[in-house]
Each structure stands twice: as structure tokens, then as C-alpha cells.
Amino acid sequence: MTEALTDPRVPTIDLRPWLHGDPAARARIARTVDEALQTAGFLLVTGHGVDPSLRTRIRETARTFFTLPVAVKEKYAARVGGRGWLGPGTEANGYAEGTETPPDLKESLTFATQEPFGDPEIDAEWYAPNVWPAQVPELRGLCEEYLARMAELENRLLSLLGEALGLEPDFFTRHMARPTYGFNINWYPGTDVVGEPEPGQFRIGPHTDFGTVTILDRQAGRGGLQVWTDEGGWEDAPYDPEAFTINIGDLMARWTGDRWRSGRHRVLPPPVDAPAEELMSLVYFGECTPGTVVESVPAPVGRVAYEPVDSHVYLREKLDSITVN
């Protein structure tokens, strides 16, 4: 088992006392979450109940797809924010924060909710059918099971976040009745696939996520995740093989009036001394119901009063901003 790497600014939260503990234990956890999200914007979460073998099977099956010939994968090509395969050179996440970088050194399979919303325009934009590669038919069942587990975990986390702010437990969850969650399987191959990185090129360039809550299942690697803190700059993210890495995005930061910060992060390129390193991340992006107006909570909880924004107008602008034309 890979050794856990710790960072006091990014605490590990065991959800079991939160779900089943006494009021004092729950209050301690809420305080810890509030403090952590004011600094790095990241947490590690254990006690989530998600079977680790499910994550392993998704990785094994997805790798079978990613190692297919490009001509086969191109049949499933999608735009950023769509459903299907995002090939090399499709995204440059640094663009979202105004950082000019070469395209990100990754490939992705991307899926999302597809239950119709009921409005034809919204359905076409946010609820299109998923595209499941015929070459790996077992991937659909694995991903649908995983997404069901993620939806449960997201609701538990959002209830915790509401109470961590001293607000109602449903302050966030009441806006998630028809969420447009997304799910990316990111493949970070070695230089034998992507070539030598250009100057300033990353597996994923520096950025903050765009939405509410991100749930990341990652692998440890020398060309892996780094997080930004004001005190230390870029540092390797803490890692626990049993934990999910949780960070909040821009909309959540706006919602809290910048009490909590959107966690800035990047994924390093293949390391010079281990160029064949290959990693894969499972990334669940929790989002609101379309049409949700995100408005900053007032002081003393909030610290900045942002103009209200339509959550999905904001998301589309961000997704467009990282698209490499």
C-alpha cells in the first residue's frame, strides 16, 4: 500500500463521526472543514464507503480504451464539456485563470448526467446522452455505479458544508435536485505517448475548478497533483490511498463570499527521471440545477459580496475558456 502523505493545512476528515457521531464530534468536524477551506480549499475524506475495487476496475477498463489506436478513439471525440473522448491538445486549463500554457498533456473520457430536464434547450446543452465506447462495454455499468456513489457522497459533503458555514444543512443541497454533475476519467501517459513536454506544459495547467465541489480519486506520482497555498506556493498534494481528495470550485467560493477559497492546483508533466510514469484520475464535478442563481452569503459569514450569477452561464463561459481552438 502506498504511504500516506500529510499536510496540516489539508486535513483528513473521517465522515463516520459526522454521519453517526454526537453533536460535539459533529461540531468539531464542521470547524475543521471551515478552517481548511479558508486556507488551501482542499480536504481529504475517508469513511466514505465507496468500494476501492470499483475504482480499480474503472481504471483497468478505461486504460483498455485509452490504449486503442487514435483512429478508433476519434469516433468518440467530443468538445470540452461534452460526452466522449477528449484527445490530446483539446484543453488548456491554465487559460481559465489567464495563464498561457501549451495544451494539457492528457486524454479524457467524459460522462455526465443524462436524465432529461424537460426544457429542450437546457436538455441539448446539459443533458445530452452519454457516449459509451463499444470497445469496452463493461465501462458503462462501472461508471453508472460509481456516479451513483458520488451523488450520495456529494450530498453528504454539501450538508456538511452548509453546517460548517453555520447555515441550514440543506442550504446547498436544495439547489441540487437536477444537478448537471460531470465525470472525467483523466489519463496521464508517459512521454512515450505525449512526447517531451514543451516549456511550461503540464498534464493539467494551473487553475481552479469552476463549480461547487470536486471529488477526486487520484494516484500518487512524481508527476502528480500539486496545490497552491499562500504560505508555501506550489506543494505536492497530500495523499492517502483510502481517501478522496475534495476541493471547492469558483461557484462555491462566490457563494460563500470568498470565506472559502477555490483550491488552485495543477498536475505536473511526466517527470524527467521517470518519463514512463502513467497515472489515471477519476474526477467527479458536482454542479447545481440549471438556472440556480449563486449569490454571496452576507457578512459576517461572507467577506465579499459578488454580483449574483447564473450557475450554468458561468460554467459554460469557463468551459469555453479552456477549449483549445
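Trainee: Give a description of the overall build of the protein that names residues and reports values.
Mentor: For the protein, the count of helices and strands is 9 helices and 14 strands. Along the three orthogonal principal directions, the C-alpha set of the protein runs to about 55 × 50 × 40 Å. Out of the 325 residues belonging to the protein, those deemed buried represent 55%. Surface exposure of the protein reaches about 13900 Å², of which carbon and sulfur atoms provide 53%. Side chains of the protein carry 30 positive and 49 negative charges; the gap between the two charge centres is 2 Å.

Trainee: Would you mind going over the environment of V297 in detail, with residue names and values included?
Mentor: Position of V297 relative to the elements: it lies in the loop between strand 13 (293-294) and strand 14 (309-310). Judged by relative accessible area, which is 8%, V297 ranks as buried. Taking the C-alpha atoms as reference, V297 lies 8.6 Å from R254; in sequence the two are 43 residues apart. In contact with V297, not counting residues within four places along its chain, are L167, F171, W255, T256, G257 and G302.

Trainee: I'd like a description of the nonpolar core, backed by residues and values.
Mentor: With 68 residues, the main nonpolar core has V33, F66, L161, I185 and I215 as its most contacted residues. The leading source of residues in this core is helix 6 (residues 138-164), at 12 residues. Dropping the residues within four chain positions of it, I185 is found in contact with I58, A62, F66, E107, S108, L109, F111, L139, C143, M280, S281 and L282. Counting residues in hydrophobic clusters, the runner-up holds 14 residues, among them F42, V227, L279 and V283.

Trainee: Which residues make up the pattern of salt bridges, and what are the values?
Mentor: Scanning all chains against the criterion turns up 19 salt bridges. Notably, a salt bridge pairs E125 with R79, separated by 3.8 Å at the nearest N-O pair. Note that E125 is positioned in helix 5 (residues 120-126) and R79 in the loop between helix 4 (70-73) and strand 3 (84-86), a separation of 46 residues in sequence. For E125, a relative accessible area of 28% translates into the label partly exposed. Relative accessible area serves as the criterion here: at 47%, R79 is assigned to the partly exposed category. Note that R264 is salt-bridged to E97, the shortest N-O span being 2.8 Å. Of this pair, R264 sits in strand 11 (residues 264-267) while E97 is found in the loop between strand 3 and strand 4 (107-112), placing the two residues 167 residues apart along the sequence. Classification of R264 as partly exposed rests on a relative accessible area of 24%. Overlapping salt bridges, with partners in common, bring together R79, E125, R316 and D320 in one network.

Trainee: Could you give an account of the packing of helix 3 (residues 52-66) against helix 6, naming the residues involved and the relevant values?
Mentor: Each packed pair of helices is defined by two parameters, the angle between the axes and the distance between the axes. Look at helix 3 against helix 6: their axes get within 10 Å of each other, and the N-to-C directions meet at 145°. The chirality of how helix 3 crosses helix 6 is left-handed. Contacts between helix 3 and helix 6 involve L54, R55, R57, I58, T61 and A62 from the first element and E138, L139, L142, C143, E145 and Y146 from the second.

Trainee: Give me the sheet that holds strand 9 (residues 233-236): which residues, what numbers.
Mentor: Spatial ordering of the open sheet is given by 6-11-8-9, a layout of 4 strands whose pairing is antiparallel. One side of each edge strand has no neighbouring strand; the edge strands of this open sheet are strand 6 (204-208) and strand 9. Here the strands of the sheet are splayed against their neighbours by 25° on average, with no regard to which way each runs. One ladder, built from 3 bridges, connects strand 6 with strand 11; its direction is antiparallel. Its bridge partner being in strand 11, T208 is matched across the sheet by R264.

Trainee: Kindly report on the packing of aromatic side chains, identifying the contributing residues and their values.
Mentor: All told, the structure shown has 11 aromatic pairs when counted by the stated rule. With 6.4 Å between their ring centres and 55° between their planes, F171 and W255 make a pair best called tilted. One end of the pair, F171, is in the loop between helix 6 and strand 5 (182-188); the other, W255, is in helix 8 (residues 250-255), with 84 residues separating them in the sequence. The residues F171 and W255 share a single accessibility class, namely buried. With a centroid separation of 5.5 Å and an interplanar angle of 70°, the aromatic rings of W228 and W234 are classed as edge-to-face. On the accessibility criterion, W228 (27% relative accessible area) is partly exposed. For R316, the ring lying beneath its charged end belongs to W126, and the centroid distance is 4.8 Å.

Trainee: Can you lay out helix 3 for me, pointing to particular residues and giving the numbers?
Mentor: Residues spaced three or four apart along an α-helix face the same direction, because each turn holds 3.6 residues. Here helix 3 spans 21 Å end to end across 15 residues, near enough to the 21 Å set by a 1.5 Å rise per residue. Among all positions in helix 3, only L54, R55, I58, R59, T61, A62, F65 and F66 are buried.

Rules used throughout
- Residues numbered from 1 in each chain as written.
- Predicted model: local features only at pLDDT ≥ 70, side-chain atom pairs only at ≥ 80, totals over all residues.
- Heavy atoms only, no water.
- Helix = DSSP H or I, 4+ residues; strand = E, 2+ residues; numbered from the N terminus.
- Buried < 20%, exposed > 50% of the residue type's maximum accessible area, 1.4 Å probe, protein only.
- Areas by Shrake-Rupley, 256 points an atom, 1.4 Å probe, with all protein chains shown as cover.
- Lys, Arg positive; Asp, Glu negative; His and termini not counted.
- Charge placed at Lys NZ, Arg CZ, Asp CG, Glu CD.
- Contact = heavy atoms within 4.5 Å.
- Core = buried A, V, L, I, M, F, W, Y, C linked by side-chain atoms within 4.5 Å.
- Salt bridge = Lys/Arg side-chain N within 4 Å of Asp/Glu carboxyl O.
- Axes fitted to C-alpha atoms, helices over the stretch in contact; angles between N-to-C directions.
- Left-handed = near helix turned anticlockwise from the far one by under 90°.
- Pairing = 2+ DSSP bridges.
- Phe/Tyr/Trp six-rings, centres within 6.5 Å; stacked < 30°, edge-to-face > 60°.
- Lys NZ or Arg CZ within 6 Å of the ring centre and 35° of its normal.
- Expected span 1.5 Å × (residues − 1).

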